[in-house]
Amino acid sequence: MDDDQEQTHRHRKGVGADLILPLMAAGYAAYYVYSVNDFPWEAQMNGTFIAVAIWLLVSVMLVRTALKLRRGEVTLRATGLSKPQSKLLLRITYIGLTALNIFLMPWLGFTLTVMLFLLSGMWLLGVREVKPLVIIPLAAGSVGYLLFVVALDTRLPFGPVEWLLQWLF
Amino acid sequence: MDVGFDFFWQLFGHSLSLSWVIIPAVIFGIVVGAIPGFAAHNTIIILLPFTLAVDVEIGMTFMIALYAATHLGGGIPAILVNIPGTGGAAATTLDGYPMAQQGRAQQALVLCFFASVFGGLLTSIITMFAMPYLARVGYYMHSVEMVVVMLFGLTLIAVIAAQDTLKGLIAGFFGLILGAMGADHIYAAPRGTFDFLELFDGVPLIPALIGLFALSEAFVMIEQETILSRAGVARMKQATWADAFDGLRMAMKHWWEVIWTSIVGLVIGVTPGAGASIAAFVAYQQSRVFSKTPEKYGTGHPAGVIAPEAANNGVTSGTLVPLLALGIPGGSTAAVMLIVLQYHGVPMGPRLFIESPLLAYGIFMSMVVAYIFMIPLIVPMARYMARVTLVPTKFLAPLITTFVIVGAFAPREYLFDMWLALAFGVIGYIARKTGYHVAAILIGVILGPLVEQSFLRALRISGGDPLVMFSSTLGNILWALLVISIVLPYFNTWRKSRQHGRAREA
């Protein structure tokens, strides 16, 4: 690819990411129709109607994209999703941290995971001052414990902090 | 007992004397309503030991005040951080959050409070006097009529799709197929559940709402320093009490909007099974249809905040009508209230109004007083609440993430729902980054199963005849109104362009 071609390629809009949601919708619609295959018509009707509509709309979307690709107006790069590129890793790590928070909650309990998540989340997003890194997780953990566990009696997972507090009071 | 002006005046005085119950309930309700996942019904369930232990009048007053306040509270995070506290506030995000991003959070909050309080106040008073007539609405609203009412809400997808029709429709239909998940309404056969038992009842609304709005917003939020635009930061830093008065002025200017959208909420609330989410979406869609400036909706238009907020507060008194007049709970909160009333041996239906008029009318008067108390309790807070938008996202995003995940867990207390919220968060994030509207997905998730349920019921009753959808006079009137509301915006656009064309020629 020469320099001119490369520059044109760079300026073209990347629409690859725009296709993720339609493909997810079409994929789930296919699974849905498969899952109701043997059911009475009343159970099939609504989902099948919606699935057909999704497939039609997604087909139009794919044709539209293909035509634009052929005309050289767009590329299949997923720039819509990755922008801003400088914060891509940060976003992926943050989503991963959220997943880790949920994963660890049954073992560490609600209060401790809240504190650890806030501490690591804020640090990841650029907070370096010790004061907020200590005070906010401690305050949020305490408020969360008092509001959700004590006042609203939500059966959130218990961990060392909750067991200790239950034993003390 | 003579139910005249003196009676209501004395009742008002009596309800005022219960302010020691109403004020804490209002404060508690606003806090609970502002936390996604903690709606009125599950809070009232938690507080059942209290409401069952005290006198029925005090218990009901507490529940009513809390219920009304949660509807107002739900709009606060919807405006400030694009996270609706309740499903009924989802439509508020469409214009409330853009206003906040422009540094007009204070105005948006005052609009929300004004619409909620006066919408709720007006409908409570109407309900008190027109109870026997409103109770009949439930008799006329059958499955066919309900299908059409919900279609009014679904057409909002088309409105949202106006910017990019194809993307809007794909998002809306994606929501509809996700909403179709779970056991079907006749045979209870599980559909598209990936064999997860937790999805047998369909997609739970709160984790979907939290994922699509709150988590995805938090994921997007971390890309910027604050949620405000540059101009918004400057404007917000200079904000004074004058901004609150500006919000009040805007609200007064739209007084007619408050009145008619709250009545839309009341009528939808009276119908058993319908709720605040449907009312808010329908009111927003109708407000846009009849607006002279429909193109401003979605960009931070005051009427876009007023319509859903007035409607979802109009629902509060409406929901109580079938409960008190017929003994049929119109929603989950009313069902919990029914338990309390039955526990205390209170008769339901017309007997309630003959044997215990003080209690029956007192319930609505408590609501009136609760709304009056909300004005001094909440309006002065707008200025301080609005400052949330100035908090840097490095603090805001982790705090939002951690607390909304608890909100996803709260209604059913399944750890699975936290994962579900994360999955919806990722879907919402992809949608936001690639130009698909998360509200269109949510409308599908909320209204899809309700439309299917009413549609199948109508078909079942008619023995499978699809023409049943056009078999009732009220239904046909609603169909005609639906067609008009779909065609009207296109007609107005055509008329305007013709007028512009003529003006240019002249």
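Residues numbered from 1 in each chain as written. Chains lettered and ligands numbered in written order. Predicted model: local features only at pLDDT ≥ 70, side-chain atom pairs only at ≥ 80, totals over all residues.

1. Re the overall build of chain A
Selection criterion: In this description a helix means any DSSP run of H or I spanning at least four residues, a strand means any run of E spanning at least two, and both kinds are numbered starting from the N terminus. Between the two quantities, the radius of gyration covers C-alpha atoms and the globule rule is 2.2 Å times the number of residues to the power 0.38. To sort residues by burial, count the other C-beta atoms lying within 10 Å of each one's C-beta; a count of 20 or more means buried, 12 or fewer means exposed, and anything in between means partly exposed. C-beta atoms are built from the backbone. The contact criterion used here is simple: two residues whose C-beta atoms, placed from the backbone, lie within 7 Å are in contact.
For chain A, the helix and strand inventory stands at eight helices and two strands. In chain A, the succession of α and β elements from N to C terminus is α-β-α-α-β-α-α-α-α-α. Expected size for 169 residues packed as a compact globule is a radius of gyration near 15 Å; at 25 Å, chain A overshoots this value by more than 25%. Along the longest, intermediate and shortest principal axes, the C-alpha atoms of chain A span 70 × 60 × 20 Å. Taken over 169 residues, chain A has a buried fraction of 27%. At a minimum sequence separation of 6, the contacts of chain A that also span at least 24 residues come to 66%.

2. A look at the interface of chain A and chain B
For the record, the criterion: When residues are grouped by polarity, Ala, Val, Leu, Ile, Met, Phe, Trp, Tyr, Cys and Pro land in nonpolar, Asp, Glu, Lys and Arg in charged, and all others, Gly among them, in polar.
Counting residues at the interface gives 55 residues for chain A, matched by 44 residues for chain B. Of all the secondary-structure elements, those providing two or more residues to the side of chain A that touches chain B are helix H2 (20-35), helix H3 (41-70), helix H4 (79-82), helix H5 (88-108), helix H6 (110-124) and helix H7 (130-151) of chain A. When residues in the side of chain A that touches chain B are grouped by element, the largest group, 12 residues, is from H3(A). Partitioned by chemical class, the residues of the side of chain A that touches chain B number 40 nonpolar, nine polar and six charged.

3. So, the domain arrangement of chain A
The condition that has to hold: All domain edges in this entry derive from an automatic or database-based domain assignment.
Taken as a whole, chain A is organised into domain 1 (3-81) and domain 2 (85-168). One C-alpha centre belongs to domain 1 of chain A, the other to domain 2 of chain A; they are set 37 Å apart.

4. What about the nonpolar core?
Stated precisely, the cut-off is as follows: Residues enter a nonpolar core if they are buried, belong to Ala, Val, Leu, Ile, Met, Phe, Trp, Tyr or Cys, and are joined to the set through C-beta atoms within 7 Å.
Membership of the largest hydrophobic core comes to 203 residues, with the highest contact counts inside it found for A:Ile54, B:Ile79, B:Ile170, B:Ile177, B:Ala370 and B:Leu442. Here this core gets 15 residues from one element, more than from any other, and that element is helix H8 (residues 105-140) of chain B. Composition of this core by domain shows at least three residues from each of domain 1 (3-81) and domain 2 (85-168) of chain A. Ignoring any residue separated from it by four or fewer positions in sequence, one finds B:Ile177 in contact with A:Ala25, A:Tyr28, A:Ala29, A:Tyr32, A:Gly47, A:Ile50, A:Ala51 and A:Ile54.

5. Let's talk about helix H16 (residues 302-326) of chain B
Residues and elements named next belong to chain B. Put simply, the rule is: Helix span, as expected, comes to 1.5 Å for every residue beyond the first. Working definition for bend: take the seven residues up to and ending at a residue and the seven starting at it, fit an axis to each, and measure the angle between the axes.
Look at H16: 37 Å from first C-alpha to last across 25 residues, which is about the 36 Å you get at 1.5 Å a residue. Its axis deflected by about 30° at Thr-316, H16 carries its strongest bend there. H16 sits mainly inside the fold: 24 of its 25 residues count as buried. Just downstream of H16 lies Gly-327, where phi reads positive at about 80°.

6. Topic: the packing of helix H2 (residues 19-34) of chain B against helix H5 (residues 56-73) of chain B
Residue and element names in this part refer to chain B. Going by this rule: Orientation is described by axes fitted as lines to C-alpha atoms, over the contacting stretch for helices, and by angles from 0 to 180 degrees between their N-to-C directions. Rotating anticlockwise by less than a right angle from the far helix to the near helix defines a left-handed crossing, while the corresponding clockwise rotation defines a right-handed one.
Contact pair H2 / H5: the axes reach a minimum separation of 7 Å and the direction vectors enclose 35°. Crossing angle aside, the handedness with which H2 passes H5 is right-handed. Contact residues: Val-21, Ile-22, Ala-25, Val-26, Phe-28, Gly-29, Ile-30, Val-31, Val-32, Gly-33 and Ala-34 in H2; Ile-58, Thr-61, Phe-62, Ala-65, Leu-66, Tyr-67, Ala-68, Ala-69, Thr-70, His-71, Leu-72 and Gly-73 in H5.

7. Points about unusual backbone geometry
All names here are of chain B. In the Ramachandran plot, Phe-194 falls in the positive-phi region, its phi being about 55° despite a non-glycine side chain. You can see Phe-194 is positioned in the loop between strand E2 (190-191) and helix H11 (205-221). Given 10 C-beta atoms within a 10 Å radius, Phe-194 is considered exposed. In the Ramachandran plot, Asp-195 falls in the positive-phi region, its phi being about 60° despite a non-glycine side chain.

8. Side note on the confidence of the model for chain B
Residues and elements named next belong to chain B. Our working rule: Known as pLDDT, the predictor's per-residue confidence is scaled from 0 to 100.
Overall, the predicted model of chain B reaches an average pLDDT of 84, with 96% of residues at or above 70. Looking at the elements of chain B, mean pLDDT is at its lowest for helix H12 (residues 230-237), recorded as 74, and at its highest for helix H22 (residues 416-433), recorded as 93. Complex prediction metrics read pTM 0.80 and ipTM 0.90.

9. A look at the packing of helix H21 (residues 393-409) of chain B against H22(B)
Residue and element names in this part refer to chain B. Counted only if it meets this: Note on terminology: angles under 35 degrees are roughly parallel, angles over 145 are roughly antiparallel, angles of 65 to 115 are roughly perpendicular, and the others are oblique.
The contact between H21 and H22 brings their axes to 7 Å, and the two run at 125°. Our classification of the angle between H21 and H22 gives oblique. For H21 against H22, the interelement crossing comes out right-handed. Here Ile-405, Ala-408 and Phe-409 of H21 come into contact with H22, specifically with Asp-417, Met-418 and Ala-421. Residues that form the contact of H21 with H22 fall into these classes: five nonpolar, no polar and one charged.

10. Overview of the environment of B:His254
On the secondary structure map, B:His254 appears in the loop between helix H13 (241-253) and helix H14 (255-270). Here the alpha-carbon distance between B:His254 and B:Ala382, two residues 128 residues apart in the chain, equals 19 Å.

11. As for the environment of B:Ile484
Residues and elements named next belong to chain B. Structurally, the position occupied by Ile-484 is in helix H24 (residues 473-505). The exposure class assigned to Ile-484 is exposed, which follows from the 11 C-beta atoms found within 10 Å. When the C-alpha positions of Ile-484 and Val-289 are compared, they lie 9.4 Å apart, and in sequence the two are 195 residues distant.

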